[in-house]
Amino acid sequence: MSAGSAFRRVASKQMIQRVMIVEDEFLIALDVAETIEGMGLEVSGFASGRKHAMALAASSDIALVDINLSDGPTGPDIARQLAEEFGITVIFMTANPEDVNNGVEGTLGVLTKPAMPEVLEQSINYAIASRIGGIASVPRELHVFRQTQH
């Protein structure tokens, strides 16, 4: 198999990744969505709390999750459920990264808000690579959690 065909296969898998935005601040969510769509990816939907996030879970591959949402500081529990029950790759995006410094089981890492669009793009590319077995460098701004073996 040529390197070109392998790249096309990875690129085609990348293009079908759907990203959920779990954020209760609408303007922030719109900015994030603009970056995601600018990458050629699909935004599967917006959630401001647990109920909306669970409704979108079946149609999502990646989730960007804030910690403090419309239903309280439920982000870590939502993220754990998305990862464990639905196999979603989760990156936290929060102004309070210390709230998840030790990681949350099954989640990938945390970005400090506000995150520049290029940092968000690099972090999503890293999440995609981790999902499909590709290679991507870890952005300096993304704190990757230590993954435990099951």
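Anything mentioned here points back to the structure above.
Residues numbered from 1 in each chain as written. Predicted model: local features only at pLDDT ≥ 70, side-chain atom pairs only at ≥ 80, totals over all residues. Heavy atoms only, no water.

(A) Structural view of the packing of aromatic side chains. Following the criterion strictly, the structure yields 2 aromatic pairs and no others. Arranged with centres 6.3 Å apart and planes meeting at 55°, the rings of Phe26 and Phe46 form a pair that is tilted. Taken together, the residues Phe26 in helix α2 (residues 26–38) and Phe46 in strand β2 (residues 42–47) connect sequence positions 20 residues apart. Residue Phe26 is classed as exposed on the basis of its relative accessible area of 55%. With relative accessibility at 37%, the residue Phe46 sits in the partly exposed group. (Phe/Tyr/Trp six-rings, centres within 6.5 Å; stacked < 30°, edge-to-face > 60°. Helix = DSSP H or I, 4+ residues; strand = E, 2+ residues; numbered from the N terminus. Buried < 20%, exposed > 50% of the residue type's maximum accessible area, 1.4 Å probe, protein only.)

(B) Expanded view of α2. Its 13 residues give α2 an end-to-end C-alpha distance of 18 Å, which sits within 8% of 18 Å, the value for a rise of 1.5 Å per residue. Within α2, burial applies to Ala29, Val32, Ala33, Thr35 and Ile36. The arc that holds the buried residues of α2, viewed along the axis, is 160°, so those residues lie on one side. With respect to the buried face of α2, the exposed residues turned more than 90 degrees away are Leu27, Asp31, Glu34, Glu37 and Gly38. Looking at the packing, one finds that the buried side of α2 touches β1 (18–22), β2, β3 (62–65), β4 (89–94) and α5 (117–132). The first or second residue beyond α2 is Gly40, which carries a positive phi of 85°. (Expected span 1.5 Å × (residues − 1). Arc of directions from axis to C-beta. Contact = heavy atoms within 4.5 Å.)

(C) How the structure looks around the side chain of Glu23. Summarising the element assignment, Glu23 is placed in the loop between β1 and α2. For Glu23, the side chain forms a polar contact with the main-chain nitrogen of Glu25, separated by 3.0 Å. Within the structure, Glu23 has its side chain in polar contact with the side chain of Lys113 (distance 2.7 Å). For Glu23, the residues in contact, after removing those within four places along its chain, are Ile28, Ala29, Ala47, Ser48, Asp66, Leu69 and Lys113. (Polar contact = N/O pair within 3.5 Å; in protein donor to acceptor, adjacent residues only side chain to side chain.)

(D) Representation of the pairing of β4 in the model. The buried fraction of β4 is high, at 6 of 6 residues. Alternating residues of β4 divide into Thr89, Ile91 and Met93 and Val90, Phe92 and Thr94, and every residue in both groups is buried. Where β3 lies against β4, 4 bridges are found, and the strand directions are parallel. Residue pairing across strands places Leu64 opposite Ile91, the latter belonging to β4. Handedness of the β-α-β unit built from β3, helix α4 (residues 75–86) and β4 comes out right-handed. Two elements, β4 and strand β5 (residues 109–112), share 4 bridges in a ladder whose sense is parallel. Considered in β5, the bridge of Phe92 is made with Val110. (Pairing = 2+ DSSP bridges. Right-handed = clockwise from strand over helix to strand, strands pointing away.)

(E) Spotlight on the pattern of salt bridges. Counting across every chain of the model gives 6 salt bridges. Residue Arg131 is joined to Asp61 by a salt bridge in which the shortest nitrogen-to-oxygen separation is 3.7 Å. Of the two residues, Arg131 is situated in helix α5 and Asp61 in the loop between α3 (50–56) and β3; the sequence distance between them amounts to 70 residues. On the basis of relative accessibility, which here comes to 32%, the residue Arg131 falls in the partly exposed class. Classification of Asp61 as buried rests on a relative accessible area of 11%. Between Arg80 and Asp77 there is a salt bridge, with its nearest N and O atoms 2.9 Å apart. (Salt bridge = Lys/Arg side-chain N within 4 Å of Asp/Glu carboxyl O.)

Coordinates in, geometry out; function isn't part of it.
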